[in-house]
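Letter by letter, the chains look like this.
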Amino acid sequence: SVSVAECPGTSSAQAGRAAACQGCPNQRLCAAGGAGPDPAEAAELRQRLRAVKHTVLVLSGKGGVGKSTFSALLAHGLAADEAKQVALLDIDICGPSIPKMMGLEGEQVHQSGSGWSPVYVEENLGVMSVGFLLSSPDDAVIWRGPKKNGLIKQFLRDVDWGEIDYLIVDTPPGTSDEHLSIVQYLSAAHIDGAVIITTPQEVSLQDVRKEINFCHKVKLPIIGVVENMSGFICPKCKNESQIFPPTTGGAEKMCQNLNISLLGKVPLDPQIGKSCDKGQSFLSEAPDSPATLSYRNIIQRIQEYCDQHHFQKEKII
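Residues numbered from 1 in each chain as written. Predicted model: local features only at pLDDT ≥ 70, side-chain atom pairs only at ≥ 80, totals over all residues. Heavy atoms only, no water.

Details of empty space enclosed by the protein
Quick note on the threshold: Cavities and pockets are defined on a 1 Å grid built over the protein atoms alone: a cavity is a set of grid points where a 1.4 Å probe fits but cannot escape, while a pocket is an open set with protein on both sides within 12 Å along at least five of seven lines, and lining residues are those with an atom within 4 Å of any such point. Grid points are joined across faces, edges and corners, and a volume is the space filled by probe spheres set on the points. Only DSSP runs of H or I covering at least 4 residues are called helices, and only runs of E covering at least 2 are called strands; the numbering of each starts at the N terminus. Each residue is assigned to one of three groups, with Ala, Val, Leu, Ile, Met, Phe, Trp, Tyr, Cys and Pro labelled nonpolar, Asp, Glu, Lys and Arg labelled charged, and all others, Gly among them, labelled polar.
All chains considered together, the criterion is met by one cavity of 30 Å³ or more. If you add up the space inside the largest cavity, you get close to 30 Å³. No other element matches the four residues that helix α3 (residues 67-79) contributes to the lining of the largest cavity. Looking at side-chain class alone, the lining of the largest cavity contains four nonpolar, four polar and no charged residues.

As structure tokens, then:
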């Protein structure tokens, strides 16, 4: 088996060609893509995404840790400022849950002369997902990697996002085709960084460390880590219980060891799941919850990072 540490990285001239690449399922994609899209394709993507000010990827090596929930609430939180235009792109091709969480089940994508139109939750919050292209929410998308990659490219190239302050990208778990594709395609434009989601237990942290390694390899900046399901605060007695005990120190210890920012810890709240099932914003449904307070603090930190990142980029330019 090939050690992740031996991977030369997608931006390397040896991507897909090094000895360590033999047997890797992404070898062909890396060899074909190298440092990114071909010049003509890059120019096309850059033209389409020129009006996107900030791009944030939501990642995790582990499934079921709350990436889509966080992506949805990050979009809602940013769109609470009516002066900001927010877009949420769901590239979880096989498990698109964003339409359900955003209250958009049954909606369809419309096409105009300028491309696909996003489906809007509010005037300043648009959403795009493969879920809008399925005839039924129960339909299974049984595609190989190249077809998934083609759809991701189409989402970036053919969707008429317009002037966008924040593009939030919800990704599937892992470090595979979809992740390589979105990083390579967006390299034609600009990525502020990634928010990595974990839960406290070591089983989750193991996979998250792989995701952090992936970010380093593809030179994707890490905004910080969010620890989801970080304890449960009883609504009656206010005592906290550890449902998923941080046996190895949780995200806090991991972040200290890897010199990465811990953006915050979000406690369990049954209302989060209920709000997602109803397609409503938990931030509005439970404004006084400790989880809402944590989400708002995390969202503020992400905004501050993006603003600082944008300032530094303009200074360089």
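Having seen the model, we can carry on.
Looking at the pattern of salt bridges
The following threshold applies: Put simply, a salt bridge is a Lys or Arg side-chain nitrogen that is within 4 Å of an Asp or Glu carboxyl oxygen.
Using the criterion set out here, one finds nine salt bridges in the structure. Residues joined by salt bridges that share partners form a network here, namely Lys62, Asp207 and Lys210.

Description of the packing of aromatic side chains
Put simply, the rule is: Pairing of aromatic side chains here covers Phe, Tyr and the six-membered ring of Trp, requires ring centres within 6.5 Å, and sorts the geometry by plane angle: under 30 degrees stacked, over 60 edge-to-face, intermediate tilted. Here's how the labels work: a residue is buried when its accessible area is under 20% of the maximum for its type, exposed when over 50%, partly exposed in between, all with a 1.4 Å probe on protein chains only.
Counted according to the given criterion, the structure contains three aromatic pairs. On the basis of an interplanar angle of 70 degrees and a centroid distance of 6.3 Å, the ring pair of Phe282 and Tyr295 is categorised as edge-to-face. Of this pair, Phe282 sits in helix α10 (residues 282-285) while Tyr295 sits in helix α11 (residues 290-316), and the two are 13 residues apart along the sequence. Each member of the pair, Phe282 as well as Tyr295, carries the same accessibility label: buried. An aromatic cluster is built from Phe70, Phe282 and Tyr295, whose rings are joined through pairwise contacts.

Points about helix α8 (residues 250-258)
To keep it simple, the criterion reads: The arc in question is the one spanned by the directions pointing from the helix axis to the C-beta atoms.
Those residues of α8 not exposed but buried are Gly250, Ala251, Met254 and Cys255. An end-on view of α8 places all buried positions within 150 degrees of arc, on one side of the element. Exposed and oriented more than 90 degrees from the buried face of α8 are Gln256 and Asn257. Looking one or two residues past α8, Asn259 carries a phi angle of roughly 60 degrees, positive in sign.

Description of the packing of helix α7 (residues 202-217) against α8
So the rule is basically this: Note on geometry: axes are lines fitted to C-alpha atoms, helical ones only across the stretch in contact, with angles between N-to-C directions running from 0 to 180 degrees. Take the far helix as the reference: if the near one is turned anticlockwise from it by less than a right angle, the crossing is left-handed, and if turned clockwise, right-handed. Residue contacts are defined here by distance: any two heavy atoms, one from each residue, within 4.5 Å place the two residues in contact.
Across the interface, α7 lies against α8 with an axial gap of 11 Å and an inter-helix angle of 35 degrees. Considering how the two elements wind past one another, α7 and α8 form a crossing that is right-handed. Contact residues: α7 offers Leu205, Val208, Arg209 and Ile212, while α8 offers Gly250, Ala251, Met254 and Leu258. Looking at side-chain class alone, the contact of α7 with α8 contains six nonpolar, one polar and one charged residues.

Side note on the environment of Val141
Within the element layout of this structure, Val141 appears in the loop between β6 (125-129) and α5 (145-158). Given the relative accessible area of 9%, Val141 is considered buried. Sequence separation between Val141 and Val130 is 11 residues, and the spatial gap between their C-alpha atoms is 9.1 Å. Those residues in contact with Val141 that sit more than four places away from it in its chain are Ile93, Cys94 and Leu134.

Here's the deal with the nonpolar core
Note the following rule: What we call a nonpolar core is a set of buried Ala, Val, Leu, Ile, Met, Phe, Trp, Tyr and Cys residues that are connected through their side-chain atoms within 4.5 Å.
Judged by nonpolar contacts, the single largest core of 87 residues is most densely connected at Leu57, Phe70 and Ile302. Examining the composition of this core, we find that seven residues originate from one element, α3, more than from any other. Residues in contact with Leu57, not counting those within four places in the same chain, are Val169, Ile182, Val183, Leu186, Ile191, Gly193, Ala194, Val195 and Leu220.

Looking at a negative patch on the surface
Rules: Patch definition: residues with relative accessible area over 30% and no salt bridge; like charges joined within 9 Å; nonpolar side chains (Val, Leu, Ile, Met, Phe, Trp, Tyr) joined within 5 Å. Accessible areas in this description were obtained via Shrake-Rupley with a 1.4 Å probe; residue shielding takes into account the shown protein chains only. Only four residue types enter the tally: Lys and Arg on the positive side, Asp and Glu on the negative side, with His and both chain ends excluded. In this description, the location of a charge corresponds to atom NZ of lysine, CZ of arginine, CG of aspartate or CD of glutamate.
A contiguous patch of negative charge, built from Asp81, Glu82, Glu122 and Glu123, is present on the exposed surface. Judged by relative accessible area, which is 72%, Glu82 ranks as exposed.

Details of the environment of Asp92
Heads up, the condition is: In protein, a polar contact means a hydrogen-donor-capable atom and an acceptor-capable atom, both N or O and within 3.5 Å, with residues adjacent in sequence counting only if both atoms are side-chain atoms; elsewhere, any N or O pair within 3.5 Å suffices.
Mapped onto the fold, Asp92 is located in the loop between β2 (86-90) and α4 (98-101). For the pair Asp92 and Tyr120, spaced 28 residues apart in sequence, the C-alpha separation works out to 19 Å. Those residues within four positions of Asp92 in sequence are excluded, and the remaining contacts are Val130, Asp170, Thr171 and Pro172. A polar contact of 3.2 Å, which involves the side chain of Asp92, links it to the backbone nitrogen of Gly95.

Some points on the pairing of strand β1 (residues 52-59)
Inclusion rule: In short, DSSP must find at least two bridges between two strands for them to pair.
Among the eight residues of β1, seven are classified as buried, and the element is accordingly described as predominantly covered. Judged from the six bridges that link them, β1 and strand β7 (residues 164-170) form a sheet pairing that is parallel. Residue pairing across strands places Leu57 opposite Val169, the latter belonging to β7. Alignment of β1 against strand β8 (residues 193-198), held across four bridges, turns out to be parallel.

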